Protein chains: 4
Amino acid sequence: MPAGQEGFFAGLRDAAGEDWRQYVAHPFVKGLGDGTLPEAAFRHYLVQDYLFLIQFARAYGLAAYKADTLAEIRAASDGLKALVDVEMDLHRAYCADWGLDETALEAADADGATLAYTSYVLERGLAGDLLDLRVALAPCVVGYGEIGARLAADLSTRTDGNPYASWIEMYAGGEYQAFMRAEISALDGLAARRGGPARFDSLAATFRAATRLEAAFWQAGLDAA
Amino acid sequence: MPAGQEGFFAGLRDAAGEDWRQYVAHPFVKGLGDGTLPEAAFRHYLVQDYLFLIQFARAYGLAAYKADTLAEIRAASDGLKALVDVEMDLHRAYCADWGLDETALEAADADGATLAYTSYVLERGLAGDLLDLRVALAPCVVGYGEIGARLAADLSTRTDGNPYASWIEMYAGGEYQAFMRAEISALDGLAARRGGPARFDSLAATFRAATRLEAAFWQAGLDAA
Amino acid sequence: MPAGQEGFFAGLRDAAGEDWRQYVAHPFVKGLGDGTLPEAAFRHYLVQDYLFLIQFARAYGLAAYKADTLAEIRAASDGLKALVDVEMDLHRAYCADWGLDETALEAADADGATLAYTSYVLERGLAGDLLDLRVALAPCVVGYGEIGARLAADLSTRTDGNPYASWIEMYAGGEYQAFMRAEISALDGLAARRGGPARFDSLAATFRAATRLEAAFWQAGLDAA
Amino acid sequence: MPAGQEGFFAGLRDAAGEDWRQYVAHPFVKGLGDGTLPEAAFRHYLVQDYLFLIQFARAYGLAAYKADTLAEIRAASDGLKALVDVEMDLHRAYCADWGLDETALEAADADGATLAYTSYVLERGLAGDLLDLRVALAPCVVGYGEIGARLAADLSTRTDGNPYASWIEMYAGGEYQAFMRAEISALDGLAARRGGPARFDSLAATFRAATRLEAAFWQAGLDAA
């Protein structure tokens with residue numbers, strides 16, 4: 001890991017540099033902040049995010065398989081359970097508020113950006129070990145928290161009458177921020193157990209590629225509008 | 001599937017023939033029934049079964065990854081959750097009754113029979129699809145239910161003063177029997193979706209090999225006494 | 001499989017319908033035929049195809065692992081060997097003719113379309129069995145043969161002075177056409193061993209998604225020009 | 001890695017301690033050296049070793065999939081090719097000299113010890129990364145070389161009239177010894193790229209478990225006599 005980093009994740013984020021900035025400050029994200037994002041773009045995103053969550057649940061299943069210890073299995077089991085029993089219900093309820101009922105969600109096909117990101121994450125996890133898998137997942141888990149916090153702190157973010165205010169609140173809120181910090185901490189701990197300086201460049205390449213695929217996921221929303 | 005079978009699992013069980021009988025009527029099982037099993041054999045089994053459950057949990061994680069539908073992911077998630085949050089606690093409590101505390105369980109190494117069965121199940125699941133995986137798991141899940149029911153129904157089974165009576169009750173009891181029937185039903189349904197006559201021989205070979213490895217798991221208990 | 005099909009692959013191709021046509025008759029392909037494809041588009045394609053071949057080799061390694069029989073292992077071993085010892089050398093020589101030396105090839109990053117297709121193929125192969133894997137690979141292996149043959153048979157294809165004439169000849173040539181037919185035959189045989197009508201819809205969905213990702217691979221070439 | 005080691009493999013071997021000694025100096029091995037091994041034990045071993053080689057070939061396929069670089073893919077491809085195109089033919093010819101024809105080899109079932117070792121190696125490789133896989137394979141690849149060299153150097157080894165002399169020569173010979181040294185060197189190099197002190201204990205546990213399973217493979221030969 002480069003000298004002077006606060007931790008393993010901080011090192012990955014630094015190494016992703018401009019790619020990370022283009023993801024967390026993507027025009028889609030700016031449109032969420034100032035409320036100018038076309039509704040069609042957001043709806044496309046919501047449907048694809050639902051399909052993404054299903055694959056994300058499979059990634060937690062894979063993490064349970066790849067675990068070395070009972071504690072790691074338990075952590076993956078809790079994450080999987082939270083996704084399929086809580087997050088997906090919340091997501092469906094949120095989609096319903098936007099006029100997207102379950103039929104619409106179930107009928108949708110994953111678009112290219114969704115297939116690309118989810119396949120990439122799972123494939124990296126299968127080719128490598130649990131650390132490769134969790135590094136590939138990190139741009140999503142941590143990035144959404146950073147995006148939420150940045151938007152909430154940004155003076156140009158519109159709160160009154162912004163249809164995306166509740167989305168921002170969700171990811172800027174205490175619960176998600178705590179989840180994000182726990183994820184960073186778990187990743188740093190896992191890197192201490194399975195990482196080492198020699199693996200850093202390879203892991204940073206995975207993180208950067210996944211970050212780009214997340215930015216492409218935003219872009220697919222914009223392109224659909 | 002051979003003509004005249006009641007279902008896919010019944011076909012697997014029939015095809016395993018004498019190997020299945022040697023597993024469900026193994027001397028270890030008879031010793032549970034008449035109470036003559038040496039305590040050292042049972043203690044060895046309990047410790048190895050704990051290590052087995054950890055790997056079993058990983059297999060449920062793998063099943064969640066291998067799932068094609070949200071319903072399959074949920075089923076695997078529920079199974080994984082039940083294992084790590086309920087079954088393993090029950091197992092630890094049961095072990096404590098036999099004088100095996102958590103330190104003893106954590107310190108134990110998987111013996112050859114445990115490594116063989118758990119590695120085989122996981123490897124078959126990785127080489128093949130969800131159906132290959134669940135067929136490899138079936139001798140355990142279903143076999144224990146059949147063993148419990150057979151012992152409970154067997155007139156030669158000793159109930160008074162049999163130190164293994166509670167073990168028999170657990171697997172003969174309504175809860176486990178319902179779980180076993182649900183597993184058979186799920187397996188039959190999965191075979192209808194991903195199986196077909198051309199796969200039967202290959203799946204039956206997996207089932208038979210896993211059945212033998214389960215019998216070797218019993219034998220390792222006897223050999224340790 | 002739908003009634004009246006000549007074989008399993010023919011059924012997949014039919015089920016992919018319009019998606020298959022958009023892949024094999026993509027504007028990129030038309031530009032190869034009439035020689036109007038911008039050179040920059042072709043060069044981008046050549047570099048990405050090199051990176052694709054590396055991942056394709058990994059897919060053959062995975063096929064060797066997923067094999068059930070020694071004959072299947074041998075077939076995958078021969079495919080892998082041909083890729084890394086012959087095809088990649090030919091590809092490098094071909095790239096050199098277009099002014100792309102090894103340094104340029106090694107320095108390139110996989111673009112989104114390449115990551116998407118290669119990750120998708122490998123992930124499907126890992127989640128499922130050998131049949132899932134080979135179905136995901138088929139749009140590439142067979143599609144290139146069909147494209148070559150169509151272009152060679154198309155009266156509007158320019159041969160004199162078409163810089164892409166040698167590309168067309170390669171895939172329309174007897175050697176590749178024989179390889180394509182062998183692949184179709186191997187796929188039909190594998191489907192007979194591991195397939196069955198109940199799996200067809202799921203396999204057809206994989207084939208269609210992979211076909212779309214191949215079309216996106218062409219499109220990425222055009223977009224780069 | 002413990003201080004003072006010559007390299008990564010040497011560290012694994014030291015950490016396996018008594019388990020390594022029991023494998024390389026197993027009674028089966030001693031019986032090869034002094035010619036007292038029952039022929040039935042050797043014949044059992046030869047058949048199981050043939051079945052082992054098939055799974056070993058699958059492990060090389062998996063290594064090609066798990067590779068990070070084209071050089072690693074090529075190395076795995078060469079290993080796979082050598083196994084299925086050269087080693088297995090040599091093995092079949094050697095078996096024929098002992099009266100075991102191809103029909104006998106094809107008809108045989110893998111015994112418990114073979115299933116255990118091959119499943120363990122493949123599963124460790126799938127759960128972890130390429131380093132986990134190659135560490136699990138190392139007791140076989142390197143151990144046979146050490147056994148051959150020890151027997152050849154041992155004054156108590158019988159050469160005249162020892163039916164196993166050609167077996168000893170094969171593994172003590174320059175070709176296999178060079179292969180063994182190349183494997184150690186490749187493993188040390190891979191550990192430098194993907195290892196690190198924090199992974200050593202986990203890798204050493206894998207190596208030790210695989211070493212025990214190799215010893216059990218010898219024992220299964222003796223038990224069959």
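Going along each chain's sequence as written, the residues are numbered from 1 onward. Here every chain gets a letter starting at A, and every ligand a number starting at 1, in the order they are written. Confidence filtering applies because this is a predicted model: local features only for residues at pLDDT of at least 70, side-chain atom pairs given and counted only at 80 or more, and all residues used for totals across whole chains, interfaces and linings. Water and hydrogen atoms play no part in the side-chain values, which are based on all heavy atoms of the structure.

What about the interface of chain C and chain B?
Move 1: Here a residue-residue contact requires only that any non-hydrogen atoms of the pair lie within 4.5 Å. In this complex, chain C contributes 17 residues to the contact, which on the side of chain B involves 17 residues.
Move 2: Note on chain C versus chain B: buried area summed over both sides is about 1200 Å², and carbon and sulfur give 35% of it.
Move 3: The salt bridge definition used is simple: a Lys or Arg side-chain nitrogen within 4 Å of an Asp or Glu carboxyl oxygen. Across the pair arginine 194 of chain B and aspartate 132 of chain C runs a salt bridge, and its minimum N-O distance is 2.8 Å.
Move 4: In protein, a polar contact means a hydrogen-donor-capable atom and an acceptor-capable atom, both N or O and within 3.5 Å, with residues adjacent in sequence counting only if both atoms are side-chain atoms; elsewhere, any N or O pair within 3.5 Å suffices. For the interface between chain C and chain B, the tally reads 10 residue pairs in polar contact (both at pLDDT 80 or more).
Move 5: Counting residues per element, the ones that place at least two in the side of chain C that touches chain B are helix H3 (39-66), helix H6 (112-127) and helix H9 (174-194) of chain C.
Move 6: For the side of chain C that touches chain B, the element with the most residues is H6 of chain C, which contributes four residues.
Move 7: As a working rule, the residues Ala, Val, Leu, Ile, Met, Phe, Trp, Tyr, Cys and Pro are called nonpolar, Asp, Glu, Lys and Arg charged, and the rest polar, with Gly in that last group. Tallied by class, residues from the side of chain C that touches chain B come to five nonpolar, three polar and nine charged. By definition, the buried area sums, over both parts, the 1.4 Å-probe accessible area that each loses when the two are put together. Helix and strand assignments follow DSSP, with helices taken as H or I runs no shorter than four residues and strands as E runs no shorter than two, numbered in order from the N terminus.

Quick notes on the nonpolar core
Move 1: We define the nonpolar core as a collection of buried residues of types Ala, Val, Leu, Ile, Met, Phe, Trp, Tyr and Cys that are connected through side-chain atoms lying within 4.5 Å of one another. Residue burial is assigned from relative accessible area. The probe radius is 1.4 Å, only protein chains are included, and a residue is buried under 20% of its type maximum, exposed over 50%, and partly exposed in between. Of all hydrophobic cores here, the largest spans 328 residues; its most connected members are Trp167 of chain A, Trp167 of chain B, Trp167 of chain C together with Trp167 of chain D.
Move 2: Residues in contact with tryptophan 167 of chain C, not counting those within four places in the same chain, are Leu32, Phe42, Tyr45, Tyr94, Tyr144, Ile147, Leu151 and Trp218 of chain C.

Notes on the interface of chain B and chain A
Move 1: On the side of chain A, 23 residues touch chain B, which itself brings 23 residues to the contact.
Move 2: Taking both sides of the interface into account, the surface hidden between chain B and chain A amounts to around 2000 Å²; carbon and sulfur atoms contribute 65%.
Move 3: Summed over the three residues of chain B that lose the most area to chain A, namely Arg58, Tyr65 and Leu70 of chain B, the buried surface amounts to 31% of that side.
Move 4: Taken together, the links from chain B to chain A amount to four salt bridges.
Move 5: Among the ionic pairs, lysine 81 of chain A bridges to aspartate 78 of chain B, the shortest N-O distance being 3.7 Å.
Move 6: Here chain B is connected to chain A by four residue pairs in polar contact (both at pLDDT 80 or more).
Move 7: Going through the elements one at a time, helix H3 (39-66), helix H4 (70-97) and helix H6 (112-127) of chain B are the ones with two or more residues in the side of chain B that touches chain A.
Move 8: For the side of chain B that touches chain A, the element with the most residues is H4 of chain B, which contributes 12 residues.
Move 9: Residues of the side of chain B that touches chain A, tallied by class, amount to 14 nonpolar, two polar and seven charged.

Details of the relation of the copies chain C and chain B
Move 1: It takes a turn of 180 degrees to lay chain C on chain B, together with a shift of 0.0 Å along the axis; the resulting RMSD is 0.0 Å. Within this description, the copies of the chain are treated as partners about a two-fold rotation axis. Alignment of copies: least-squares fit on C-alpha atoms of residues with pLDDT of at least 70 in both copies.

Details of the packing of helix H2 (residues 27-34) of chain B against helix H10 (residues 200-224) of chain B
All names here are of chain B.
Move 1: Close contact between H2 and H10 brings their axes to 8 Å; oriented N to C, the two are set at 65 degrees. The angle between the axes of H2 and H10 places the two elements in the roughly perpendicular class. Contacts from Pro27, Phe28 and Val29 in H2 reach Trp218, Gly221 and Leu222 in H10.
Move 2: Residue classes in the contact of H2 with H10 are distributed as five nonpolar, one polar and no charged. Each axis is a line fitted through C-alpha atoms, and for a helix only the stretch in contact is used; angles between axes span 0 to 180 degrees, taken between their N-to-C directions. For classification purposes, an angle smaller than 35 degrees is called roughly parallel, one larger than 145 roughly antiparallel, one from 65 to 115 roughly perpendicular, and anything else oblique.

Overview of the side chain of glutamate 123 of chain B
Move 1: As for its position among the elements, glutamate 123 of chain B is in helix H6.
Move 2: On the basis of relative accessibility, which here comes to 3%, the residue glutamate 123 of chain B falls in the buried class.
Move 3: One polar contact links glutamate 123 of chain B to tyrosine 65 of chain C, side chain to side chain, over a distance of 2.7 Å.
Move 4: Here glutamate 123 of chain B is in contact with Tyr65 of chain C together with Arg58, Ser119, Leu122 and Glu123 of chain D, once residues within four sequence places are set aside.

A few points about the relation of the copies chain B and chain A
Move 1: It takes a turn of 180 degrees to lay chain B on chain A, together with a shift of 0.0 Å along the axis; the resulting RMSD is 0.0 Å.
Move 2: Most of the interface of chain B is mirrored in chain A, where 100% of its interface residues are also at the interface.

Some points on the confidence of the model for chain A
All names here are of chain A.
Move 1: Within chain A, residue pLDDT values average 94, and 98% of them lie at 70 or more.
Move 2: pLDDT measures the predictor's confidence residue by residue and takes values from 0 up to 100. Looking over chain A, one finds the lowest element-wise mean pLDDT in helix H5 (residues 102-107), namely 90, and the highest in helix H2 (residues 27-34), namely 98.
Move 3: Throughout residues 1-5 the model reports pLDDT below 50, and contacts reaching past four residues in sequence, or to other chains, amount to eight contacts.
Move 4: As a predicted assembly, this complex carries a pTM of 0.95 together with an ipTM value of 0.93.

What to know about the packing of H3 of chain C against helix H10 (residues 200-224) of chain C
All names here are of chain C.
Move 1: Axis separation between H3 and H10 bottoms out at 7 Å; the angle between their running directions is 140 degrees. With respect to each other, H3 and H10 are oriented oblique. Both H3 and H10 take part in a crossing whose hand is right-handed. From H3, Ala41, His44, Tyr45, Gln48, Asp49 and Phe52 reach across to H10, where they touch Phe217, Trp218, Ala220, Gly221, Leu222 and Ala224.
Move 2: Here the residues of the contact of H3 with H10 sort into eight nonpolar, three polar and one charged. Definitions for this section: a left-handed crossing has its near helix turned counterclockwise from the far helix by less than a right angle. A right-handed crossing has that turn clockwise.

A few points about the environment of leucine 51 of chain B
Residue and element names in this part refer to chain B.
Move 1: Looking at the secondary structure, you find leucine 51 in helix H3.
Move 2: Through-space distance from the C-alpha of leucine 51 to that of aspartate 109 is 8.1 Å; in sequence the pair is 58 residues apart.
Move 3: In this structure, leucine 51 is in contact with Leu105, Ala108, Asp109 and Ala110, ignoring residues within four places of it in sequence.

Examining the pattern of salt bridges
When the charged atoms of two side chains lie near each other, side chains of opposite charge can form a pair.
Move 1: As enumerated under the stated definition, the model contains 88 salt bridges over all chains in all.
Move 2: Aspartate 129 of chain B serves as the salt-bridge partner of arginine 194 of chain B, at 2.7 Å between the closest nitrogen and oxygen. Of the two residues, arginine 194 of chain B is situated in helix H9 (residues 174-194) and aspartate 129 of chain B in the loop between H6 and helix H7 (130-153); the sequence distance between them amounts to 65 residues.
Move 3: A relative accessible area of 0% places aspartate 129 of chain B in the buried class.
Move 4: Between aspartate 19 of chain C and arginine 208 of chain C there is a salt bridge whose closest N-O contact spans 3.0 Å. Placement of aspartate 19 of chain C in helix H1 (residues 8-24) and of arginine 208 of chain C in helix H10 is noted, with a sequence separation of 189 residues between them.
Move 5: Three or more residues are tied together by salt bridges with common partners; here these are Asp68, Asp129, Asp132, Arg194 and Arg199 of chain A together with Asp68, Asp129, Asp132, Arg194 and Arg199 of chain D.

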